[in-house]
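Coordinates in review
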Amino acid sequence: MKQMLQKSHNTSELNESTSWVSAESLWILGRYMVHLPLEEILKINLNEIRLFLSYDNATKQLDTVYDITPELAQAFLERINSSGFDMRNTSTIYRLGLLVCFCDDVEQMDAAVARALLHQMMKCNQLRGFQAEVQKLRSQLLKIATQNQTLNDVLGALSGAVVGVTSSQLESLSPEAVHNAIATLNQVSGWAKSQVMILSSKYLSYEKVLSSYNVSQMGTLVAGVSTQAFYSMNPKELSQMIRGTASQYLSDLSPVQQQGILRKITASGDFSSSVKDIQGAFFREISLSDLWKQTGYNSSMIKVKELRSSQALYLYESLSKESSPVDLLSTGQLVKGVTCQLIESMGTEMFLSSFKFFENNLQLLSPYQINCLAWKFWEVSNASIPPFLLMALPSEYLEYVSDPLCVPFIESLGKTELDLLNPGLYKENTVLQKVQECLNNSITDEYDVDLLGNLICHLPPAFLHGRMSLRAMATALGQFKLCQHLSHEQKTEIKYKLLELYGSPNNWTAETTLDVGPFLSLLSKGELNVLAEKYPDIILQIAKTTGPISSAEELLSTVFESVANATANTDSSLTRPDCLGTRVPSSEEIIKLEEANMFWSVQELRCMDTGTFDKNVDLLGTVSGFNRSQLIALKERAKQVWGSLQHWKGYHIASLGRIALALTEREIPELDLHSIDTISVLSQQTEWTPTQARAILQGFLRDSGQTISTLKSFDLVGLGATLCALNSTEILSIRAAEFSAAVARVGLLFCSTSVLRQFKKMTESVFGTTTSWNGSVLQEIGTIAGGLSEDELKAFDKNLMPYFQPRAIRVIPPEIFQALSPEQIANLGPGNAAMVTRLQRELLSAAQLQSLQLALDGARTSTPEAPNGASTTQEVQTPAPSGVPCLSGFGICLCAVFMLHLPF
């Protein structure tokens with residue numbers, strides 16, 4: 001682009017002080033102006049800058065520069081300011097797009113201009129990073145905007161900056177001020193849970209009654225309404241809320257809030273008329289038992305709803321009586337409910353014409369369904385089978401990939417998540433060997449990289465070391481960044497390739513550093529320090545966005561030292577004798593560091609300023625790297641800032657996040673735990689000890705005045721993992737109707753086997769004895785199936801085995817799991833077979849292990865009519881492709897099965 005744009009200039013006239021960048025060049029570059037070198041921006045002719053910003057479309061273009069760095073943004077702002085635009089004029093501010101996020105000249109700015117700038121800064125959450133700078137600017141503008149006025153007076157004029165107001169300040173607002181500012185507050189994004197709890201409470205204390213109109217006015221603040229308030233609403237108002245403009249916000253509610261709404265509608269008898277209006281993710285919270293009680297479903301109604309697999313299985317079966325398979329397959333997420341029996345029963349023409357629906361929704365299908373599709377396609381047209389489906393067939397079928405199929409095979413696999421087709425990556429080595437053969441054992445250029453797609457994440461280290469050219473590596477870097485599970489050995493080879501490609505990190509440019517991105521964590525401490533000194537903002541941003549490629553602890557540590565050492569704030573020593581000489585975390589540092597806050601010492605956290613803690617406690621509560629000593633220090637700081645535990649409100653507890661884990665079983669009873677929303681926030685933490693969980697449970701029962709027998713479904717949903725602390729008597733006292741509405745959520749918990757056994761008994765009170773359970777019930781109850789006895793598990797028809805949830809397979813005790821017959825194990829399906837644990841394997845016989853290998857490999861199952869609404873899966877092996885040997889290790893008998901099509 002640069003070469004083309006320079007043609008319009010007489011390059012011989014350009015010198016060191018003249019830029020080739022004209023207004024026209026900037027118009028053409030659009031968002032790509034972020035790739036201009038800093039030096040080039042500072043040389044742009046002022047007339048050209050003036051002309052560019054006067055262009056009507058300039059603001060739209062500047063709104064798209066979401067990955068601009070502060071350094072480049074300030075360079076553009078400097079040229080705009082020098083070109084004659086008044087940076088304190090509101091009309092100029094409105095033209096700056098995302099550059100407003102980096103304005104740093106706010107001295108002597110008046111309140112009106114500060115508010116205009118704050119309003120424009122609502123778009124700054126679109127930035128790819130650098131939110132610390134944005135927060136700092138907002139904080140400065142907030143002080144200017146509120147000069148000589150109270151927060152109550154200017155609340156409506158603060159726009160997105162109100163997110164930076166502390167909970168204590170929000171608590172001091174009057175209900176009238178919140179009511180008057182609701183038109184602005186309801187558009188703001190980025191709220192902490194504690195903030196929406198306070199603001200929604202203020203708003204409703206003014207309105208007195210919660211109605212569908214009020215909910216529509218609240219917008220994003222609806223997430224702060226208590227579950228009890230929703231449950232107390234008039235059923236007609238609830239139904240109107242679901243149908244009206246407020247429905248767009250309902251998917252943002254927590255599961256406990258959604259369940260409260262559903263339970264009230266169900267209890268009112270208005271469920272039948274309301275169910276068709278429940279859209280999106282909200283529909284997923286409807287229980288299977290409630291769906292069973294309703295009639296009148298149609299495909300158009302289901303199209304805009306997200307479905308759990310249990311719902312999809314039931315609804316597909318119900319709708320198939322009146323609609324054709326083709327119509328149903330085009331109905332949103334209903335494809336999740338397609339059984340193997342249905343796939344197998346399709347005629348060739350119908351199957352081939354419908355296959356596109358399956359292919360377009362591959363991410364919604366289970367490995368078992370994909371395996372069934374592969375076998376069906378092989379049966380009707382093995383010559384034209386989509387190459388990626390060969391992955392779902394036994395390993396021998398990969399021999400079918402001859403030279404003409406190589407490119408489409410790699411291309412189709414590269415566009416698909418490999419673990420969808422190959423759960424547990426059981427066939428990974430076989431597949432990768434075939435891929436390497438197809439590539440002639442080398443990756444030479446960008447075309448090979450593009451062809452590989454996602455497959456590049458799985459290439460073995462030796463192949464990366466010796467078979468990938470530097471030309472290919474330059475392109476592959478972007479693809480490697482998307483990889484989720486690179487091994488240490490793979491990362492090491494990538495590091496050496498990067499150093500070979502870009503040279504020493506000492507000489508890297510800012511652009512190169514950005515390109516390398518999360519792989520910076522592979523560099524040595526010394527190399528990281530050099531880059532951190534040169535590009536602190538870039539390194540910080542990369543550290544915060546480094547995801548699953550690495551834990552990035554070394555990178556975070558380097559960033560911490562760079563940021564914290566730059567300021568070395570010790571102001572608290574003036575007021576805290578015990579903090580004399582201690583470095584104190586500042587608000588700006590905490591916002592910048594995010595996960596790197598884990599490196600503050602216990603003493604430094606103890607000495608944090610009161611205002612700093614109050615402003616940043618929500619962020620500190622999200623840091624996953626804090627150890628127990630650090631969490632205790634932060635908890636003690638909370639007690640010093642907020643007072644004794646008895647005076648803490650629900651929003652205080654919601655602010656804590658992981659810090660709450662430091663509360664002891666003696667402290668928990670001191671909290672006000674009457675609200676199920678408060679309990680729901682606590683139960684989101686997964687590291688509670690049994691005694692802490694029990695204390696939370698008992699605290700809720702005591703403060704809410706309830707017993708186990710009076711708990712409603714939304715209470716059960718909100719209690720979450722603390723339900724694992726129930727004893728057998730308590731579990732059996734839960735009302736069946738309430739349990740049935742919450743059973744899918746209970747089925748997500750990993751409780752002890754003894755607790756799961758009691759939940760299993762409760763499940764029988766809802767769905768009948770285990771012998772009557774079908775596929776949709778098994779999908780609904782999840783881990784509760786881990787409470788089945790040996791006899792109950794043995795009694796399950798082998799055709800129901802694929803319908804156990806994978807998480808349920810993991811929690812079946814090994815001594816119970818070994819009771820499964822070889823036929824049952826062979827019918828687990830690839831996804832469930834991949835979840836079998838090492839301890840479970842150790843107790844299996846040779847015949848059971850052989851069956852497990854068949855399930856993992858995707859051995860064929862046929863599907864006669866299903867008993868109890870689930871697909872039947874009688875195992876029948878088909879002939880392997882010509883020239884493919886029988887599976888080794890399974891004996892002559894099994895080979896005969898392969899070749900003669902006989903039932904296993």
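Relevant structure appears above.
To start, this report covers the structure provided alongside it. Given the structure is predicted, the values throughout are model-derived calculations rather than measurements.

A short note on the packing of aromatic side chains
This structure, assessed with the given rule, holds 20 aromatic pairs. Each ring, one from Trp375 and one from Tyr397, has its centre 5.4 Å from the other, and the planes form 80°; the classification is edge-to-face. Residue Trp375 is located in helix H27 (residues 367-381), and its partner Tyr397 is located in the loop between H27 and helix H28 (403-414); the two are separated by 22 residues in the primary sequence. Judged by relative accessible area, Tyr397 falls into the buried class, the value being 2%. Plain terms: the ring middles of Phe480 and Phe519 are 6.5 Å apart, the flat faces sit at 80° to each other, and that makes the pair edge-to-face.

Here's the deal with a nonpolar patch on the surface
A cluster of nonpolar residues, Met1, Ile28 and Tyr32, forms a patch on the protein surface that exposes about 340 Å² of accessible area. Along the chain, Tyr32 falls in the loop between helix H2 (23-29) and helix H3 (38-42).

Observations regarding the state of the cysteines
Throughout the structure, instances matching the rule amount to six disulfides. Covalent S-S linkage joins Cys457 and Cys483, the inter-sulfur distance amounting to 2.1 Å. Here Cys457 and Cys483 share a disulfide; its torsion about the S-S bond, -85°, makes the bridge left-handed. Taken as a pair, Cys457 in the loop between helix H31 (446-452) and helix H32 (461-467) and Cys483 in the loop between helix H33 (470-480) and helix H34 (488-502) lie far apart in primary sequence, 26 residues in all. In terms of burial, Cys457 and Cys483 fall into one category: buried. Sequence-ordered numbering of the bonded cysteines in the protein chain yields a pairing of 1-2, 3-4, 5-6, 7-8, 9-10, 11-12.

Details of the environment of Thr266
Looking at the secondary structure, you find Thr266 in helix H19 (residues 255-268). A relative accessible area of 21% places Thr266 in the partly exposed class. Leaving out residues up to four positions away in the same chain, Thr266 has contacts with Phe271 and Asp290. Reaching out from Thr266, the side chain makes a polar contact with the backbone oxygen of Leu262 at a distance of 2.7 Å.

Concerning the nonpolar core
Counting residues in hydrophobic clusters, the biggest one holds 286 residues, and the most contacted among them are Ile68, Phe230, Phe480, Leu520 and Phe759. Excluding anything up to four places from it in sequence, Phe230 contacts Leu210, Val215, Val222, Val225, Leu238, Met241, Leu253, Gln257 and Ile261.

Overview of helix H17 (residues 235-243)
Taken together, the buried positions of H17 are occupied by Leu238, Ser239, Met241 and Ile242. Around the axis of H17, the buried residues are gathered within 155° of arc, so they sit on the same side. A side-chain oxygen of the first residue of H17 lies 2.7 Å from the backbone nitrogen of Lys236; this N-cap is Asn234.

Section: the packing of helix H48 (residues 736-746) against helix H49 (residues 753-767)
Running from N to C, H48 and H49 cross one another at 120°; their axes reach a closest spacing of 9 Å. One element, H48, and the other, H49, form an angle in the oblique class. Both H48 and H49 take part in a crossing whose hand is left-handed. Packed against H48, whose contacting residues are Ala736, Phe739, Ser740, Val743 and Val746, the element H49 presents Phe759, Met762, Thr763, Ser765, Val766 and Phe767 at the interface. When the residues that make up the contact of H48 with H49 are grouped by side-chain class, the tally is eight nonpolar, three polar and no charged.

Observations regarding unusual backbone geometry
With a phi close to 75°, Lys208 is a non-glycine residue in the positive phi region. Topologically, Lys208 is positioned in the loop between helix H14 (193-207) and helix H15 (212-218). On the accessibility criterion, Lys208 (69% relative accessible area) is exposed. Positioned with a positive phi, Glu594 is a non-glycine residue whose angle comes to about 45°. Mapping Glu594 onto the fold places it in the loop between helix H39 (587-593) and helix H40 (602-606).

What counts and what doesn't
- Residues numbered from 1 in each chain as written.
- Predicted model: local features only at pLDDT ≥ 70, side-chain atom pairs only at ≥ 80, totals over all residues.
- Heavy atoms only, no water.
- Phe/Tyr/Trp six-rings, centres within 6.5 Å; stacked < 30°, edge-to-face > 60°.
- Helix = DSSP H or I, 4+ residues; strand = E, 2+ residues; numbered from the N terminus.
- Buried < 20%, exposed > 50% of the residue type's maximum accessible area, 1.4 Å probe, protein only.
- Patch = residues over 30% accessible without salt bridge, like charges linked within 9 Å, V, L, I, M, F, W, Y side chains within 5 Å.
- Areas by Shrake-Rupley, 256 points an atom, 1.4 Å probe, with all protein chains shown as cover.
- Salt bridge = Lys/Arg side-chain N within 4 Å of Asp/Glu carboxyl O.
- Disulfide = S-S within 2.5 Å.
- Contact = heavy atoms within 4.5 Å.
- Polar contact = N/O pair within 3.5 Å; in protein donor to acceptor, adjacent residues only side chain to side chain.
- Core = buried A, V, L, I, M, F, W, Y, C linked by side-chain atoms within 4.5 Å.
- Arc of directions from axis to C-beta.
- Axes fitted to C-alpha atoms, helices over the stretch in contact; angles between N-to-C directions.
- Parallel < 35°, antiparallel > 145°, perpendicular 65-115°, else oblique.
- Left-handed = near helix turned anticlockwise from the far one by under 90°.
- Nonpolar A, V, L, I, M, F, W, Y, C, P; charged D, E, K, R; others polar.

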